[in-house]
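# Reading the structure
The residues making up each chain are set out below.
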Amino acid sequence: MKKTLIIILISTFPVMVDAQFEKYIEITGKVFFEENNNVLLNPELSWAYDITSDNRIIDTNLKGHNVTIYNNTGKVINRFGQRGRGPGDFEFPIMSFVLEDGTILVSEFSGKLSRFSNNGDSLISVYQTGIVPLSGILEIGSNKILVIGNQIKPKPTKALFHIYNLSTKEIESSFFELPFEHSDYAQVFRMSVHLAIGATYNNKIFVAAVPFKKLYAFSKDGMLIDSLNIDLENFVEIEENKNSLSSHDLFSYTTTFSRIEKLFFLKDGSFLVQYSRITEIDVNNPEDRTIEYNLAYFDDDRKLIFDINNNPELLGVDKASTTLYFRGINEDPLYLMKGKINKNN
């Protein structure tokens, strides 16, 4: 089943669009979400979308503690889940995606996974991964997934990537420790959920620590194969700071460097990297901030083709059709923009 996982960092802050965006990205359509049956799509609360092979859109609502299924025009098909810790309940669900067999897997911050039928009507199984906080999931094979986060059970480990077997309900192996100490950067990443991101392509797992312009390639059993520095023209590298900072100075420090947020490989081996930087922040109200998004595209030889500054937030890529999905702009968050890479430029 061909699908794309769309990860959303919670952000409804002002977005500026550079002219280069229109040069390299052709907008091909929009998906507007309806509000009915007491279901409200709220991107401030939504964490992730999954686009299925039959073009359904699955929205995971972080603070609403539920999952909503839409058709490809934005009409509500079904909604399931409520806040709780019992079977079928959710507590801060992070993301959902459809497995190869058509079932829906919903992951939570606490490391819990819940597997539902194709339409979400019935609960099939519950898994306790022991990964807390859980920050991401990738499917890597039949009944195997890659769980991103800190393992605390059954035995703590510094590794952030874990191969989890849905059949045995066990972690088979763990790999990739952060290439830095938290004390190197004033503990600014200590409370961060997203410390690393990953993607799969051609039986390999590609990994990046968010503050660095470097990718690591692993085999599907977690063995390091290669590493490469990636050329990001607008990426501001973090400067070491071993000082103990006040809350005020710590928030100011977050505006001094960029972060890699998303990594998507297309079927031809080319790949996209989205990175961002907080350009303004109210230290008295940290939720009041301005985020600048940048989008870089590399060919299959890892050569940089473009690096767009000030683009709308990229939410995901349909690898089958190479359709890109962006958050809607003009202060109207209830739609997604669909686009394609214009390779003629």
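In this report, we go over the structure that sits alongside the text. Nothing here was measured: the structure is a model prediction, and the numbers come from that model.

### Remarks on the overall build of the protein chain
A tally of helices and strands in the protein chain yields two helices and 25 strands. Counting over 345 residues, the protein chain shows a buried share of 55%. Accessible surface, the protein chain as shown: approximately 15500 Å² in total, 45% of it carbon and sulfur.

### Side note on the pattern of salt bridges
Within this structure, the stated rule accounts for twelve salt bridges. A salt bridge links Lys 112 to Glu 108, with the nearest nitrogen and oxygen atoms 3.5 Å apart. Classification of Lys 112 as buried rests on a relative accessible area of 5%. Salt-bridge contacts for Lys 343 lead to Asp 268; the nearest nitrogen and oxygen are separated by 3.4 Å. Taken together, the residues span a long stretch of sequence, with Lys 343 in the segment after strand S25 (335-341) and Asp 268 in the loop between strand S19 (259-265) and strand S20 (271-282) at a distance of 75 residues. What makes Asp 268 partly exposed here is its relative accessible area of 37%. Each member of the salt-bridge network shares a partner with another, and the members are Glu 261, Lys 262, Glu 313 and Arg 327.

Thresholds, definitions, all that
Residues numbered from 1 in each chain as written. Predicted model: local features only at pLDDT ≥ 70, side-chain atom pairs only at ≥ 80, totals over all residues. Heavy atoms only, no water. Helix = DSSP H or I, 4+ residues; strand = E, 2+ residues; numbered from the N terminus. Buried < 20%, exposed > 50% of the residue type's maximum accessible area, 1.4 Å probe, protein only. Areas by Shrake-Rupley, 256 points an atom, 1.4 Å probe, with all protein chains shown as cover. Salt bridge = Lys/Arg side-chain N within 4 Å of Asp/Glu carboxyl O.

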